[in-house]
Amino acid sequence: MHIRAMALGLTTVFAVALVFAGESGSVSPVGATGTGGAISFGLVSGTTVSVNTTETIDPYGSFNLHVSAKLSPGVQLASIVGNDAAPSQGTLSSLGQTFCASFTPATWEEVFGCTAFVGQTTTASGVLATMSFNATGDGCIVTTLLTGFTDSYPPRPSAALNTYTMNSADSTEQSVIVSTATAEIMVGAGVQADCLVATGPPTPPATPIGLSFCPPKISGLYSGAYELAPGEEFPFSLTLVFSANQISGTSYVPGAPTFSGPVTGVVHCGDISEMTFNGQPMWSVTISEDGATLSGLYGNVPWTVTVEGGGQDSDVDGFNNALEQALVKDSDTYCSVMRADVDYDGAVSILDLSAVAQHFDRPAPARADQDADGVISILDLAHQATDFQHSVMLCP
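Structural notes, computed from the coordinates. The residue numbers shown here count from 1 along each chain, following its written sequence. With pLDDT at 70 or above as the cut-off, local features in this predicted model cover only qualifying residues; side-chain atom pairs require 80 or more to be listed or tallied, and sums for whole chains, interfaces and linings still use all residues. Working from all heavy atoms in the structure, the side-chain values ignore hydrogens and water.

## Brief notes about the packing of helix H4 (residues 350-357) against helix H5 (residues 378-386)
Turning to step 1, where the next piece is worked out: Lines fitted to C-alpha atoms define the axes, with helix axes restricted to the stretch in contact, and inter-axis angles between N-to-C directions lie between 0 and 180 degrees. Here a strand is any run of E in DSSP of at least two residues, a helix any run of H or I of at least four, and the numbering for each starts at the N terminus. Running from N to C, H4 and H5 point in directions that differ by 170 degrees, and their axes come no closer than 10 Å. The angle between H4 and H5 falls in the class roughly antiparallel. In contact with Asp352, Leu353, Val356 and Ala357 of H4, H5 contributes Asp380, Leu381 and Gln384.
Turning to step 2, where the next piece is worked out: Charged means Asp, Glu, Lys or Arg here, nonpolar means Ala, Val, Leu, Ile, Met, Phe, Trp, Tyr, Cys or Pro, and polar covers whatever is left, Gly included. Its residues placed into classes, the contact of H4 with H5 shows 4 nonpolar, 1 polar and 2 charged. Throughout, the term roughly parallel applies to angles under 35 degrees, roughly antiparallel to angles over 145, roughly perpendicular to angles from 65 to 115, and oblique to all others. In what follows, residue pairs with any heavy atoms lying within 4.5 Å of each other are defined as contacts.

Structure below.
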C-alpha cells in the first residue's frame, strides 16, 4: 500500500503551462484550487502598456506579472518599470492600500507583484498594472507576458517567475489564461515595420528559484512518543537521512519490535509517500511547515516526533536549526531571505508578501513580523521587498 502525506504550508503543485493551438493564451496552472481570468496586454500609451485581467471566478487579492522585451535595431532599453494602476481603474488599488515589489532578472525582463492589505479581495476585471519601458533611439519594442516556468525537482510552477492572480482563499496561484499576444511599443521615430525585426537575447536569464530547496526537509534525529491510550505515551524515535529523493533510516521503540526497524520513503517537495516502518505502511503522515515535526498514525495509534533541536532557531531568521542544516546553511548566521520566506517554499514571492500584508496594522504572528516589533506595518513589507524573488540558497 502506498501512503501519501501532504506537507503543511507548501504551495499547491501545478502542471507545466500548456499552449493550445488556436488559442492566444496558455493555461496555468492545472492543479489550482482557484479560477482566475484571462491576463493580457491592454492599452499602449507612448512607451507604457497596461496589463489587464478579465473577471475572475474566485476572488483574488494579489498578482504577479513577468514581462520580457525584444528590441529592433536602433533601440536601447534602460529598464522596465511596473506601476500599480490608479485607484480609478486598478483592480487592487481601488480596494484600498496596496504594496508592490519588483525584481529585474535582466534589463529586458521585469517581474512585478502587488498585494492588497488585510483580506481585501475582488473578482473584478480591469487593469492590474502598467509596465513602462524606458528606452531611447528609434524603433520598436515587442513585449510578451511570461509564464510556464517550473522548478525542475519536482516539476511545479515557479511562484516567483510566472504570471498569475493569487487565490484569496488559500494563497496559491489561480488557474489563469495568460495571453501569448504581444504588445508593440514605438520608440522615437519607430514604425510598425520595425517590430518585424525585433529580436531578443539568445538565452533568457530568468531561471527557476529555489531548485535545491524542496526535498531536504526530512533529515536528522527525531524523538517523541506514540500514544496507545489518552495519557499513555511511550518513547519513539526516528533517525532519517535524505539522499537523491529517498529517505532511509531506522525507528526505535524500547520493547516494541513492531515499531523498531528500517524506515524507507520517498520525498517530493516535503511530501512523504510510501513511508514504511519495518516494512509496514504508515498512515496519515504529515510534516510541520518547517519540517521539524512528523506525525501520523500506525494502525490507529497516533505518534509525533520532533527533530533534535527542531524548535531552536539560533539566528532568529524563521528557519530552525535543523532545517538550515539540512539545506547546508549556517544556523548561527541570520539571513533576511529566510526571514522573508514565510511560506518556506525557498524563495520570496508575492505569496510571502501577501501572507504578511493580511496582518497589516494588527498584532503580528511572530513568523510574519519581519522587524520583531509586535505589529505588521509598511516596514515589514519593505523588509520583504528588499529580498523579493531571492532564493534561500543565497543564504550563507
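Now that the structure has been shown, the text picks up again.
## Observations regarding unusual backbone geometry
Turning to step 1, where the next piece is worked out: In this model, Ser171 sits at a positive phi of 55 degrees, which is unusual for a non-glycine residue.
Turning to step 2, where the next piece is worked out: Structurally, Ser171 is set in the loop between strand E14 (164-167) and strand E15 (172-173).
Turning to step 3, where the next piece is worked out: With a phi close to 60 degrees, Asp361 is a non-glycine residue in the positive phi region.
Turning to step 4, where the next piece is worked out: Its location among the elements puts Asp361 in the loop between H4 and H5.
Turning to step 5, where the next piece is worked out: Burial classes: relative accessible area under 20% of the type maximum marks a residue as buried, over 50% as exposed, and values in between as partly exposed (1.4 Å probe, protein chains only). Taking relative accessible area as the criterion, Asp361 reaches 62% and is therefore assigned exposed.

## Topic: the packing of aromatic side chains
Turning to step 1, where the next piece is worked out: Centres within 6.5 Å are what make two rings of Phe, Tyr or Trp a pair, Trp counting through its six-membered ring; a difference in plane orientation under 30 degrees is then read as stacked, over 60 as edge-to-face, and the rest as tilted. Across all of its chains, the model carries 4 aromatic pairs by this definition.
Turning to step 2, where the next piece is worked out: Measuring from ring centre to ring centre gives 5.4 Å for Tyr226 and Phe234, while their planes differ by 25 degrees; the resulting arrangement is stacked.
Turning to step 3, where the next piece is worked out: On the basis of relative accessibility, which here comes to 30%, the residue Phe234 falls in the partly exposed class.

## Let's talk about the state of the cysteines
Turning to step 1, where the next piece is worked out: By definition, disulfides here are pairs of cysteine sulfur atoms that lie within 2.5 Å. Here the structure, examined in full by the defined rule, presents 3 disulfides.
Turning to step 2, where the next piece is worked out: Each sulfur in the disulfide pair Cys100 and Cys114 lies 1.9 Å from the other. Taking the sign of the torsion about the S-S bond as the criterion, the disulfide between Cys100 and Cys114, at about 105 degrees, is right-handed. One end of the pair, Cys100, is in strand E8 (residues 98-106); the other, Cys114, is in strand E9 (residues 109-116), and 14 residues separate them in sequence.
Turning to step 3, where the next piece is worked out: A sulfur-sulfur separation of 1.9 Å characterises the disulfide bridge that pairs Cys335 with Cys395. Here the disulfide of Cys335 and Cys395 is left-handed, its torsion about the S-S bond being about -65 degrees. Taken together, the residues span a long stretch of sequence, with Cys335 in the loop between helix H2 (321-326) and helix H3 (336-340) and Cys395 in the segment after H5 at a distance of 60 residues.

## A word on the pairing of strand E5 (residues 48-53)
Turning to step 1, where the next piece is worked out: Of the pairings in the sheet, the one linking strand E4 (residues 35-45) to E5 comprises 5 bridges and is antiparallel in character. Paired with Ser40 across the two strands is Asn52, which belongs to E5.
Turning to step 2, where the next piece is worked out: The turn linking E4 back onto E5 is made up of 2 residues, and Gly46 within it adopts a positive phi angle of 65 degrees.
Turning to step 3, where the next piece is worked out: By the bridge criterion, 6 bridges tie E5 to strand E10 (residues 126-137) in an arrangement that is antiparallel. Residue pairing across strands places Ser50 opposite Thr130, the latter belonging to E10. One bridge is not enough; two strands pair if DSSP finds at least two bridges between them.

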